[in-house]
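# Examination of the molecular architecture
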Amino acid sequence: MPELPEVETIKNELTPHVVGHHITGLTLFWDGIAHPSVEEFRSRLVGQSIIALARRGKYLIFGLTGDEALIIHLRMTGSLLLKPTSAEPDKFIRAILYLDEEAGLHFRDPRKLGMMWLVKDANTIVGKLGPEPLEASFTPQLLAHRLANRTAPIKALLCDQSFIAGIGNMYADEALFAARIHPERPGKSLSQDEIECLHSTIQQVLWSAIGNKGASVDRNTYFRPDGTLGTAHFEFKVAHQRGKSCLVCGTLIQRLPIRNRGSYFCPHCQPAR
Ligand SMILES: [Zn+2]
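Below or above, wherever it landed, is the structure these notes cover.

Calculation criteria
- Residues numbered from 1 in each chain as written.
- Predicted model: local features only at pLDDT ≥ 70, side-chain atom pairs only at ≥ 80, totals over all residues.
- Heavy atoms only, no water.
- Helix = DSSP H or I, 4+ residues; strand = E, 2+ residues; numbered from the N terminus.
- Buried < 20%, exposed > 50% of the residue type's maximum accessible area, 1.4 Å probe, protein only.
- Polar contact = N/O pair within 3.5 Å; in protein donor to acceptor, adjacent residues only side chain to side chain.
- Contact = heavy atoms within 4.5 Å.
- Donors = N, O, S within 2.8 Å, 3.2 Å for Na, K, Ca; no water.
- Tetrahedral: all angles 85-135°; square planar, octahedral: opposite > 155°, others 65-115°.
- Pairing = 2+ DSSP bridges.
- Axes fitted to C-alpha atoms, helices over the stretch in contact; angles between N-to-C directions.

Another aspect to go through is the side chain of S49. Mapped onto the elements, S49 comes out in the loop between α2 (38-44) and β3 (50-56). Here S49 falls in the buried class, since its relative accessible area comes to 17%. A distance of 2.8 Å separates a polar atom in the side chain of S49 from a polar atom in the side chain of H22. Ignoring anything within four residues of it in the chain, the contact list for S49 reads H21, H22, G63, L64 and T65.

On to the coordination of the zinc ion, then. For the zinc ion, the full set of protein donor atoms is C246 (SG), C249 (SG), C266 (SG) and C269 (SG), and the range of their distances to it is 2.3 to 2.4 Å. One can describe the donor arrangement at the zinc ion as tetrahedral, given that its 4 donor atoms subtend angles of 100 to 113° at the metal. Sequence positions of the residues that donate to the zinc ion give the spacing C-x2-C-x16-C-x2-C. In this pair, C246 sits in the loop between α7 (192-211) and β10 (254-258) while C266 sits in the segment after β11 (261-265), placing the two residues 20 residues apart along the sequence. The class for C246 is buried, based on a relative accessible area of 4%. On the basis of relative accessible area, C266 is assigned to the buried category, the value being 0%.

To continue, consider the sheet that holds strand β9 (residues 115-119). Consider a sheet: its strands pair through backbone hydrogen bonds, and that pairing is either parallel or antiparallel. In space, the 5 strands of this open sheet follow the order β2-β9-β5-β4-β3, with mixed pairing throughout. Two strands in the sheet have a free side with no partner beyond their single neighbour: β2 (34-35) and β3. Here β3 runs beside strand β4 (residues 59-64); their pairing, made up of 6 bridges, is antiparallel. The residue of β4 that forms the bridge with A54 is I61. Packing against the sheet, helix α1 (residues 4-18) makes contact with β3 and β4, and its axis sits at approximately 170° to β3.

Next comes the structure, spelled out in structure tokens:
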């Protein structure tokens, strides 16, 4: 599933190709992708220009000339591919936005879970998200404040988009391993030192993955806009590494279900207390 580093990579790489361009056409192959409706998309989207592209959490926000925003969430298996206008869509393409009749932005999504919204106010979709972990306003003090009194497992909190935006299963596992914190520890049980360490490892794993253009753990779902793969998964220490040995201590990496998500961790480096 694309998380913050994957969506940030897509935003960075799409920006020079979409901002300043005019939406000249739209083809929908899967009507369920468009909200509020296919009719609204056709009547309101085509003819507008894209004036900005931003990321909030795992959402992409295309600012439009008509004081509206096109918001895209890739969910589990979505990707956005830039193709020549003449390119034939593959069978997993759910929508194509044509830009200045020069390029097509293909929304590819094998599982059909991705969504697009056309809204007047982006906050109707992204307003409830928690803080952005790479912004200066996300401090160890803020993390400590948000963890106080929280009894949920730290792994579940890190994946909760209203607690902190953009982190999912992969980077939560990596940040907790780097901070040597067991994923089932209640949020409020973390010491001040652990919180400061976790704050730092969250930022480290996210920046590192952005540097590596995201993780293509599943080689059939996450692509950069030019169709190439990211390489962040080659640096994963625990995420999706069940059956492999911990690089620090040699213990077998284990997988534990926490709130229906598989959590990968090293039982030696991340002891339960
Ligand atoms: Zn270990």
